[in-house]
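A look at the structure
Letter by letter, the chains look like this.
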Amino acid sequence: MTSANISIDGKAADYPVHAGSVGPEVIDIRKLYANTGRFTYDPGFTSTASCESKITYIDGDQGVLLHRGYPIEQLAEKSSFLEVAYLLMHGDLPSQQQHDEFKYLITRHTMVHEQLANFYRGFRRDAHPMAIMCGVVGALSAFYHDSTDIHDAKQREIACHRLIAKMPTIAAMAYKYSVGQPFLYPDNSLSYTGNFLRMTFGVPAEPYIINPVVEDALDKIFILHADHEQNASTSTVRLAGSSGANPFACIAAGIACLWGPAHGGANEAALEMLREIGRPERIPEFVARAKNKDDPFRLMGFGHRVYKNYDPRAKVLGEAATKVLDTLGISDPVLDTARELERVALSDDYFIEKKLYPNVDFYSGIILSAIGFPTSMFTALFALARTTGWIAQWTEMMEDKEQKIGRPRQLYTGSPRRDYVPIEQR
Ligand code: CMC
């Protein structure tokens, strides 16, 4: 094992350097504070590995994303969302029998407690679906007490199955509530994604016919959003879980974090931006704004903390967008605007120098909109898919012997100790 020698005030000490299977090595600085009385300072965790993990690997410079070693492009092309969920949770692709058993288990948990419908009725009809998701998913812990003992491996597993199974039902109910249509019960004869489509767009008055192209495209979108290493929402789930909170509460915390426009909310923001641009001639104006330091405007769906190359998920979705729109016979000028914006940005020095490429959110909204989802549902769909990653990461953390409550420290720049002054003397 190599080590790093860190010298402060003339006092040197060696710190172990750990190698992963691929990717950068990490300097283990756990003893730094005890040895030196110093913390490290890394707001935004740009140089900090917060945990050890075997689930997802990203090489941001090369634009590579692997789940349990499998490239995302292969999974998107050949796998299904449920199979990827199994892979993330269990570490290997399932045999046919394991696949069938897993599907059966998930299918058995798709219904939600009947009383949960009352929760929805407490929200305003115009509530954002993510507001509803935060509340309802957190509330699951009040309904499923038999799977909240985090020290019982069986209960942890049941909670994970429940979360994967119920998220489509919960997200579809959020949509139905917003449009004033009756909730639809799940139909377990359908695929995971087909069932979600029916619960979202079907009505009790007539059968819902699933378009296989739409089903396939949405399943791909779910696969592409299933996990993404230690991103903000996953780190939130891990941090919440590190205190011993139950998995339903942890996933609700992840949903809250995902909502922000710098993270999962960017898919909604990206489509709104493309619609605002409206036509290719207006692109230079928006590119100029994105480059202007005095303007807070950013190209949504562009740039990534880790990818300094094309986001491999954006590549798959860019191709899928054309296919879906062609098959549905939709001619959306937004897709032309997106393609032209990508071309202009990728040949502009500002974007080249800062290595800003389209990310997963750039094209996903165009497909979701073509399928019929309102923009407000986009991040809820992201949450639905990311739940598999969150629970895989949460489970890994719970099984990690080195797991401790997450407790960062700080660089304090506030006032030193001072005495209280009575109000009349201030
Ligand atoms: N448009 C214009 N300039 C940008 C953009 C953008 N989309 N993204 C980054 N920059 C510039 C930024 O102004 C900064 O310039 P300078 O060095 O001159 O100050 C430089 O690039 C680095 O940006 P940063 O904010 O320090 O980088 P970060 O790693 O903290 O942020 C990001 C990553 C994704 C938050 C950011 O690129 C962004 O805000 N993008 C738009 C929102 C978006 O699409 N988010 C979805 C991310 S992918 C889905 C997910 O993981 O949830």
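Everything that follows concerns the structure shown earlier in this document.
Because the structure is predicted, anything quoted here is derived from the model rather than measured.

What counts, and at which threshold
- Going along each chain's sequence as written, the residues are numbered from 1 onward.
- Where local features are concerned, this predicted model is filtered to residues with pLDDT of at least 70; where side-chain atom pairs are given and counted, the filter is 80 or more; whole-chain, interface and lining totals use all residues.
- As a rule here, side-chain values come from all non-hydrogen atoms in the structure, and water together with hydrogens is ignored.
- Put simply, DSSP marks the helices as runs of H or I at least four residues long and the strands as runs of E at least two long, and each gets a number from the N terminus on.
- Atoms counted for the radius of gyration: C-alpha only. Globule rule: 2.2 Å times residue count to the power 0.38.
- Residue exposure (1.4 Å probe, protein chains only): buried if accessible area is under 20% of the type maximum, exposed if over 50%, otherwise partly exposed.
- Only heavy atoms enter the contact rule, under which two residues are in contact if any of them lie within 4.5 Å.
- All accessible-area figures derive from a Shrake-Rupley calculation using a 1.4 Å probe, and residue coverage is judged against the displayed protein chains alone.
- At least two bridges found by DSSP between two strands are what make those strands a pair.
- Any Lys or Arg side-chain nitrogen found within 4 Å of a carboxyl oxygen on Asp or Glu counts as a salt bridge.
- Being near a molecule or strand, for a residue, comes down to having at least one heavy atom within 4 Å of it.
- Nitrogen and oxygen atoms within 3.5 Å of one another constitute a polar contact, given that in protein one can donate a hydrogen and the other can accept it, and given that sequence-neighbouring residues count only through two side-chain atoms.
- In the scheme used here, Gly and all other residues not listed as nonpolar or charged are polar, with Ala, Val, Leu, Ile, Met, Phe, Trp, Tyr, Cys and Pro taken as nonpolar and Asp, Glu, Lys and Arg as charged.
- To obtain each axis, a line is fitted to C-alpha atoms, and for helices this fit is confined to the stretch in contact; angles are then taken between N-to-C directions over 0 to 180 degrees.
- An angle below 35 degrees is treated as roughly parallel, one above 145 as roughly antiparallel, one from 65 to 115 as roughly perpendicular, and anything else as oblique.
- To estimate the expected span of a helix, subtract one from its residue number and multiply by 1.5 Å.
- Criterion for a disulfide: a pair of cysteine sulfur atoms at a distance within 2.5 Å.

**Overview of the overall build of the protein**
When helices and strands are tallied, the protein shows 18 helices and six strands. For a compact globule of 426 residues, the expected C-alpha radius of gyration is about 22 Å, and the protein comes in at 23 Å, within 12% of that figure. Along the first, second and third principal axes, the C-alpha set of the protein runs to 75 × 65 × 60 Å. For the protein, with 426 residues in total, the buried portion stands at 47%. Considering only contacts in the protein between residues 6 or more positions apart, those separated by 24 or more positions represent 69%. If you sum the accessible surface of the protein, you get close to 21,600 Å²; carbon and sulfur atoms cover 52% of it.

**A look at the sheet that holds strand S1 (residues 3-8)**
Strand-to-strand pairing in sheets goes through backbone hydrogen bonds, with the strands running parallel or antiparallel. Taken together, the three strands give an open sheet; going across it, the order is S1-S2-S3, and neighbouring strands pair in antiparallel fashion. Looking at the sheet topology across the chains shown, the edges are occupied by S1 and strand S3 (26-27).

**Observations concerning the pattern of salt bridges**
For the coordinates displayed, the defined rule picks out 16 salt bridges. A salt bridge links Asp28 to Arg30; the shortest N-O distance between them is 2.8 Å. With a relative accessible area of 14%, Asp28 lands in the buried category. By relative accessible area, Arg30 is classed as exposed at 60%. Each of Asp28, Arg30 and Glu402 takes part in one network of salt bridges that share partners.

**Brief notes about the pairing of strand S5 (residues 64-67)**
Bridge analysis of strand S4 (residues 56-59) against S5 gives four bridges, and the strand direction is antiparallel. Bridging across to S5, Asp59 finds its partner in Val64. In this antiparallel pair of consecutive strands, S4 and S5, the connection spans four residues, and Gly63 shows a positive phi of 70°. Linking S5 to strand S6 (residues 70-71), which pair antiparallel, is a turn of two residues; within it Arg68 sits at a positive phi near 50°.

**Observations regarding the site of the ligand**
Every one of the 21 residues lining the ligand counts as a neighbour, but His263, Lys293, Leu299, Gly301 and Arg305 are closest to it. Take Gly301: an N or O atom from its main chain is 2.8 Å from an oxygen atom of the ligand. Separating an oxygen atom of the ligand from a side-chain N or O atom of Asn359 is a distance of 2.9 Å. Burial of the ligand by the protein amounts to 75% of the accessible area it has alone, namely 940 Å². Broken down by class, the residue content of the shell around the ligand amounts to ten nonpolar, six polar and five charged.

**Remarks on the packing of helix H12 (residues 266-277) against helix H15 (residues 333-346)**
Two numbers describe how H12 lies on H15: the axes approach to 9 Å, and their chain directions differ by 95°. With respect to H15, the element H12 is oriented roughly perpendicular. Residue-level contacts link Leu271, Met273, Leu274, Arg275 and Ile277 of H12 to Val334, Thr337, Ala338 and Leu341 of H15.

**Quick notes on the sheet that holds S5**
Taking strand neighbours across the sheet as the criterion, the three strands line up as S4-S5-S6 in an open arrangement whose pairing is antiparallel. Each end of this open sheet is capped by a strand with a single partner; those strands are S4 and S6. Across two bridges, S5 lies against S6 in antiparallel orientation. Directly across from Leu66, in S6, lies its bridge partner Pro71.

**Considerations on the pairing of S1**
In the sheet, S1 pairs with strand S2 (residues 11-18) via six bridges, with the strands oriented antiparallel. Within S2, the position partnered with Ser7 by the bridge is Ala12. Count of turn residues in the S1/S2 antiparallel hairpin: two residues, of which Asp9 carries a positive phi of about 55°.

**Examining helix H17 (residues 361-371)**
Most of H17 sits inside the fold, with eleven of its eleven residues counted as buried. Every buried residue of H17 is accounted for by Asp361, Phe362, Tyr363, Ser364, Gly365, Ile366, Ile367, Leu368, Ser369, Ala370 and Ile371. If you follow the buried residues of H17, they end up packed against helix H8 (192-201), helix H9 (212-224), H12, helix H14 (312-328), H15 and helix H18 (378-398). Note on H17: the residue one or two positions beyond its end, Gly372, has a positive phi of about 120°.

**Looking at helix H7 (residues 153-179)**
Counted at 1.5 Å a residue, the expected span for H7 with its 27 residues is 39 Å, and the 39 Å between its end C-alpha atoms agrees. Across the 27 residues that make up H7, a large majority, 21, are buried. A distance of 2.9 Å separates the backbone nitrogen of Lys154 from a side-chain oxygen at the start of H7, and that oxygen is part of Asp152. Note on H7: the residue one or two positions beyond its end, Gly180, has a positive phi of about 75°.

**Describing the state of the cysteines**
For the structure on display, the rule yields zero disulfides. Free of any disulfide, Cys51 has its nearest neighbouring cysteine sulfur in Cys250, separated by 14 Å. With no disulfide of its own, Cys160 lies 10 Å from the sulfur of Cys250, the closest cysteine sulfur. Accessibility expressed as a relative area gives 1% for Cys160, which makes it buried.

**Points about the side chain of Ser233**
Turning to its location among the elements, Ser233 is positioned in helix H10 (residues 232-242). Those residues within four positions of Ser233 in sequence are excluded, and the remaining contacts are Gly254, Cys257, Leu258, His263, Arg386 and Trp390.

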